[in-house]
Amino acid sequence: MNESLATDIVGRHYPHRTVVGVEPVASGHRPTAVVRFADRSPLVVQCSETIEAVRTEAALVSAVRDRTDVPVPAVVATGSRDGRAYAISEFRPGTDLHTTFADSPPTVRRYIARQFGRYLGELHTAFAFDGCGELARASGPAGAGRLVAASDTSETWLVEYGRRAVERLPAAFDPFGTDCATVSTLRPSTR
């Protein structure tokens, strides 16, 4: 994400803050930047394909914050600018585990794995859906804050999800390619 777009988006919501720096974030699948101010905590600006995708993610983040102890930053604003949907959220410093986990000492890896397991357990306890697949906000005034799974055909969704996950594996998994591809196409009834 370029500096002028991030500054413009933040300026729409915080016109009296002075931006002193914009740092594009290279990882992730959406254009993202950290916006730093002279006298305030930084914010994160992230663009997305559609405003509905942004609003759904904001509803999910809010629900996770309300129902669990999973440390997720609050979404403070959403909107669209020049055809680009965006979300502004709090900035939380941290370490990119995609680049550091494998090289961390075993005690650190075990600690992180335990935390992830605890958080995963909290998420499974806090959320239940009638189907599976991508989440969407329920339609209609009564369901605006409620999240629903977009698909009720779990078999098709799980196979496609598994295929995409295998395609994203790093090169270190190449020797297991055939086994991973086979697992990703298994139907629940064949296990």
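Please refer to the structure higher up on the page.
A. View of the nonpolar core. In terms of nonpolar packing, the biggest core is built from 15 residues, with Met-1, Ile-9, Val-35, Val-45 and Ile-88 touching the most fellow members. At the level of secondary structure, the elements contributing two or more residues to this core comprise helix H1 (3–13), strand E2 (32–37), strand E3 (43–48) and strand E5 (84–90). With residues up to four places along the chain from it excluded, the contact list for Ile-88 reads Ile-9, Val-10, His-13, Leu-43, Val-44, Val-45, Ala-74, Val-75, Val-76 and Ala-77. Counting residues in hydrophobic clusters, the runner-up holds seven residues, among them Ala-63, Val-72, Tyr-119 and Phe-127.

B. Main features of the pattern of salt bridges. Per the stated rule, a full pass over the model turns up nine salt bridges. Note that Arg-36 and Glu-23 form a salt bridge whose closest N and O atoms lie 2.6 Å from each other. With Arg-36 in strand E2 and Glu-23 in strand E1 (residues 19–25), this pair connects stretches of sequence that are 13 residues apart. What makes Arg-36 partly exposed here is its relative accessible area of 28%. Note that Arg-118 is salt-bridged to Glu-122, the shortest N-O span being 3.4 Å. Of this pair, Arg-118 and Glu-122 both sit in helix H4 (residues 106–126), four residues apart, which is roughly one turn of the helix.

C. A look at the layout of surface pockets. A volume near 210 Å³ is recorded for the second largest pocket. If you trace the second largest pocket, you find twelve residues lining it, with Ala-128, Phe-129, Arg-146, Leu-147 and Val-148 closest to the centre. A per-element tally of the lining of the second largest pocket places strand E7 (residues 147–151) first, with four residues. Residue composition of the lining of the second largest pocket, grouped by class: six nonpolar, two polar and four charged.

D. How the structure looks around H4. The terminal C-alpha atoms of H4, which comprises 21 residues, lie 30 Å apart, in line with the 30 Å expected from a rise of 1.5 Å per residue. Looking only at H4, the buried set comprises Ile-112, Gln-115, Tyr-119 and Glu-122. The buried residues of H4 occupy an angular sector of 85° when the element is viewed end-on, so they sit on one face. Turned more than 90 degrees away from the buried face of H4 sit Thr-107, Arg-114, His-124 and Thr-125, all of them exposed. Among the structural elements, helix H3 (97–100) are those in contact with the buried residues of H4.

E. Spotlight on the sheet that holds E5. Strand order in the open sheet formed by five strands is E1-E2-E3-E5-E4, with antiparallel pairing between adjacent strands. At either end of the open sheet lies a strand with only one pairing partner, and these are E1 and strand E4 (75–81). Each neighbouring strand pair of the sheet contributes to a mean axis angle of 20°, computed without reference to strand direction. Relative to E2, E1 is paired through six bridges, and the arrangement is antiparallel.

F. Structural context of the environment of Cys-132. When you line up the elements, Cys-132 lands in strand E6 (residues 132–137). A relative accessible area of 15% means that Cys-132 is categorised as buried.

Rules behind the numbers
- Residues numbered from 1 in each chain as written.
- Predicted model: local features only at pLDDT ≥ 70, side-chain atom pairs only at ≥ 80, totals over all residues.
- Heavy atoms only, no water.
- Core = buried A, V, L, I, M, F, W, Y, C linked by side-chain atoms within 4.5 Å.
- Buried < 20%, exposed > 50% of the residue type's maximum accessible area, 1.4 Å probe, protein only.
- Helix = DSSP H or I, 4+ residues; strand = E, 2+ residues; numbered from the N terminus.
- Contact = heavy atoms within 4.5 Å.
- Salt bridge = Lys/Arg side-chain N within 4 Å of Asp/Glu carboxyl O.
- 1 Å grid on protein atoms, 1.4 Å probe; cavity = no way out; pocket = protein on both sides within 12 Å on 5 of 7 lines; lining within 4 Å.
- Points joined across faces, edges and corners; volume = space filled by probe spheres on them.
- Nonpolar A, V, L, I, M, F, W, Y, C, P; charged D, E, K, R; others polar.
- Expected span 1.5 Å × (residues − 1).
- Arc of directions from axis to C-beta.
- Pairing = 2+ DSSP bridges.
- Axes fitted to C-alpha atoms, helices over the stretch in contact; angles between N-to-C directions.

What is shown is where atoms sit, not what they do.
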